[in-house]
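Architecture and fold: a report
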Protein chains: 2
Amino acid sequence: MREYTSLSKDAMREELKAARAEYAALKAKDQKLDMSRGKPNPAQLDLSMDMLALEPTELVVTRKGTDVRNYGELAGVDECKELFADLLGLQMKNIIMGGQSSLNLMYDSVVRALLLGVYGGSKPWGAQGELKFLCPVPGYDRHFAICETFGIKMINIPLGEYGPDMDLVRQYVEHDASVKGIWCVPKYSNPTGITYSDEVVRAFAALKPAADDFRIFWDNAYLVHSHGVRDEKLLNIFDACREYGSEDMVYEFCSTSKITFSGAGLAVLAASENNVKFILQQMKVQTIGYDKINQLRHVKYFENVEGIYRHMQEHAALMRPKFNVVLGFLDREIAPRAIGHWHRPCGGYFVGFEGLKGTASRAVALCKEAGLTLTPAGAPFPYGIDPDDSVIRIAPSFPDVAELTGAMKLFCVCERIAALEVLLAGE
Amino acid sequence: MREYTSLSKDAMREELKAARAEYAALKAKDQKLDMSRGKPNPAQLDLSMDMLALEPTELVVTRKGTDVRNYGELAGVDECKELFADLLGLQMKNIIMGGQSSLNLMYDSVVRALLLGVYGGSKPWGAQGELKFLCPVPGYDRHFAICETFGIKMINIPLGEYGPDMDLVRQYVEHDASVKGIWCVPKYSNPTGITYSDEVVRAFAALKPAADDFRIFWDNAYLVHSHGVRDEKLLNIFDACREYGSEDMVYEFCSTSKITFSGAGLAVLAASENNVKFILQQMKVQTIGYDKINQLRHVKYFENVEGIYRHMQEHAALMRPKFNVVLGFLDREIAPRAIGHWHRPCGGYFVGFEGLKGTASRAVALCKEAGLTLTPAGAPFPYGIDPDDSVIRIAPSFPDVAELTGAMKLFCVCERIAALEVLLAGE
């Protein structure tokens, strides 16, 4: 096997013929495969079933005597706030427990900023004309959808092995007051799987925004989602901020969607005490409180942070083999041909595959035609536009290992075809 | 006992002296009583404990095979939509299951309208300058808080025994395009307990709004909350609308907050198919879906609408004696003195007491001073301003019968004092 670019045109044509034959054979199998979304596999959801078997009497009263079945406790019950404060290296006063969707918390945070403003801001974002968000790319499509929905202009920021290009971030944030936020998935990033270095986190903390109402949306979705071999340490951004007095600049989000149940977990908004107080004042108009029975259910089930880490080892044991399949295929089929590269994630839900320029949408279309659904090419970019048409998000969690093997076999053939077509084009 | 207005000034002063003595004696008891919020009593929450004891395996798969533990099903699971469609006399396609707070659904509906617009509207509310909502009064303070937060101007509409003054509603809605909505609690209204007559419901359906984006916020919070003696029938507004082709004008809301758990129930948004489709397109940016395990939990527990009605009879058995205490005190202590009137509700959570002009805040303050917390005077009105300072919301659900008896005894004495002070003033 040789690097494609070192092949003669004739050899390329030969190889394309071979790849197309392999593709035809796979297509004829009439498979139905899906690597499109970062959904847990049912076996992962089974891990938390005991949480649904708690004694009803355990789900009534908090340690301070609040009846969780009734109204109240907008920020959540103490023991639950404490659990997540411990997990995030923060204090109870920094935590708001909110429903079961961190996406919903992010959306609501943007909405409040637009209509009502943020702590320390002079007026609502929505009263200030053009608004911009920085978007490290490739990134998470649902973040970008929020901006697009509200007409917030998105600016691509290259995301490297250690985080976003912080020189570029600094230039925008510190010189353009219409830049109001940045979307970050700082650990096991969606989709490339990288973790921001301490230096990058510190560079975030050190930002001196031109806007008085700029916020870092720190979506720590995969904070405990190592695959069990090695856990990359993400510097606590609030610790870094404390050195610069910039704690008010950060909204951190996480959830148990990929710890307990994706459809029925807990979501968390963590922020400075100033932000938390300000947000609760706004939030009390929206609701009297979120589901506190589910909060208590999670606390009784996990007991403490160690309980969460133990539980995550079981997830890791299910995820690791799947990532091994993906990386194994890429190592064998793609690396020797030099038609793509990728980060080898230690955790999270994705592999961000970067192929040759101009290949992503063709490869996704070829996969689709042969029965494999992938996240649409372009999805990890604002407005769905991948300027190089090169990135594909691989989501190995939902299929089982057999399906995944079939999917990756097909994926690699499609990548080869797409690469060869590009290399042979323009003759 | 005689009507106060028929007393001589001297007799009034005598009576005031007697009332003040009674007040002093009650105050000396140093009680701590609360009739301020419409919270269920723990005994009511106990009624649903079996819902928390369902087998975990029952909480996994819907009838069409969806794993409720995972992501997806933005509008909710079919059997749950069906349950609430049956309850509301609608179809599954009219139902969005959303979280556990109908207040949150109302807030979100206003937010979407402000930022993105509603079905059939030419632009977002927020892009149209001054906005107004009609507010039948007395009404629900949390509705009014939403408008106040977003700077939507509120206009008081008198609420009578059969519903709002529809001539006035029609005049505003049909001639002022800045009127975008109206807040209604059409059954066992908060706080007066009245139910809108069929004629009023039909008058709503017949409205021809000046605005192309006007919505009726039909908060059917107490739809199955009869006290068990007689259930007032509310005409299905969508049935009425069908005659006028005005189905798109209504957003209906309800929840199980006062059926199962106030902190962990289910909330419902019901609307025309046009509205539902349009809203789901907007809503998918906000979240991937709400808690479907809890949806399935409710379905398995109730099975069908009859299950809900049977369950509500148990609530009624707990509520009826409390309303009897309240109405008994008012009948004995207030009616003969002719210093207030009230509707005798067949259901719901409140008695709306209307005293003499200028007495409400004084009576509430007197109660407070003697240890009884009431909803602040003015709360049932936009901006917290009761133009006549006469209305007090009595919420008998949370205290037990003994507490309630103490609270009503005190309340009646305070009303007598406040009334006599007003009658004697200006001498």
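Below, the structure is looked at part by part. (Residues numbered from 1 in each chain as written. Chains lettered and ligands numbered in written order. Predicted model: local features only at pLDDT ≥ 70, side-chain atom pairs only at ≥ 80, totals over all residues. Heavy atoms only, no water.)

**Focus on the state of the cysteines**
Residues and elements named next belong to chain B. Spelled out, the test is: Only a pair of cysteine sulfur atoms within 2.5 Å qualifies as a disulfide here. For every residue, the accessible area (1.4 Å probe, protein chains only) is compared with the maximum for its type, and the residue is labelled buried under 20%, exposed over 50%, or partly exposed between those bounds.
With the rule as written, the count across this model stands at 0 disulfides over all chains. Residue C241 stays outside any disulfide, its sulfur separated by 11 Å from that of C184, the closest cysteine. When its relative accessible area of 0% is taken as the criterion, C241 is described as buried.

**Concerning the interface of chain B and chain A**
Heads up, the condition is: Any two residues whose heavy atoms approach within 4.5 Å at even a single point are treated as in contact. In short, buried area is how much 1.4 Å probe accessible area vanishes from two parts on joining, totalled over both. Whenever a carboxyl oxygen of Asp or Glu lies within 4 Å of a side-chain nitrogen of Lys or Arg, that contact is scored as a salt bridge. Pairs of N or O atoms are called polar contacts if they sit within 3.5 Å, as long as, within protein, a hydrogen donor faces a hydrogen acceptor (for residues adjacent in sequence, only side-chain-to-side-chain pairs). Put simply, DSSP marks the helices as runs of H or I at least four residues long and the strands as runs of E at least two long, and each gets a number from the N terminus on. Residue type decides the class: Asp, Glu, Lys and Arg count as charged, Ala, Val, Leu, Ile, Met, Phe, Trp, Tyr, Cys and Pro as nonpolar, and the leftover types, Gly among them, as polar.
Counting from both sides, the interface comprises 55 residues of chain B and, opposite them, 55 residues of chain A. In total, chain B and chain A occlude about 4,400 Å² of area from one another, counting both sides; carbon and sulfur atoms represent 60% of this. Among the residues of chain B in contact with chain A, R69(B), Y71(B) and V285(B) are the three that bury the most area, contributing 18% of the side total. The partner of R69(B) in a salt bridge is D46(A), with the nearest N and O atoms 2.6 Å apart. Taken together, the links from chain B to chain A amount to 20 residue pairs in polar contact (both at pLDDT 80 or more). Mapped by element, the contributors of at least two residues to the side of chain B that touches chain A are α2 (42–46), α4 (102–115), α5 (141–149) and α10 (292–302) of chain B. It is α4(B) that provides the largest number of residues to the side of chain B that touches chain A, a total of 8 residues. Along the lines of polarity and charge, the residues of the side of chain B that touches chain A split into 29 nonpolar, 14 polar and 12 charged.

**Focus: the environment of R344(A)**
All names here are of chain A. Following the sequence through the fold, R344 ends up in the loop between β9 (340–341) and β10 (351–355). As a C-alpha pair, R344 and N324 span 20 residues in sequence and 9.8 Å in three-dimensional space. A polar contact is formed between the side chain of R344 and the side chain of D331, at a distance of 2.9 Å.

**Points about empty space enclosed by the protein**
Heads up, the rule is: Only protein atoms enter the 1 Å grid used here, on which a cavity is any set of points holding a 1.4 Å probe that cannot leave and a pocket is any open set flanked by protein within 12 Å on both sides along at least five of seven lines; residues with an atom within 4 Å of a point are listed as lining. Grid points are joined across faces, edges and corners, and a volume is the space filled by probe spheres set on the points.
Tallied over the full model, the rule gives 11 cavities of 30 Å³ or more. Each pocket or cavity is described by its volume, and for the largest cavity that value is around 350 Å³. What lines the largest cavity is a set of 28 residues, among which G99(A), Q100(A), G99(B), Q100(B) and Y290(B) lie closest to the centre. Every element with two or more residues in the lining of the largest cavity is listed here: α4 (102–115) and α10 (292–302) of chain A together with α4 and α10 of chain B. Here the lining of the largest cavity is composed, by residue class, of 8 nonpolar, 16 polar and 4 charged.

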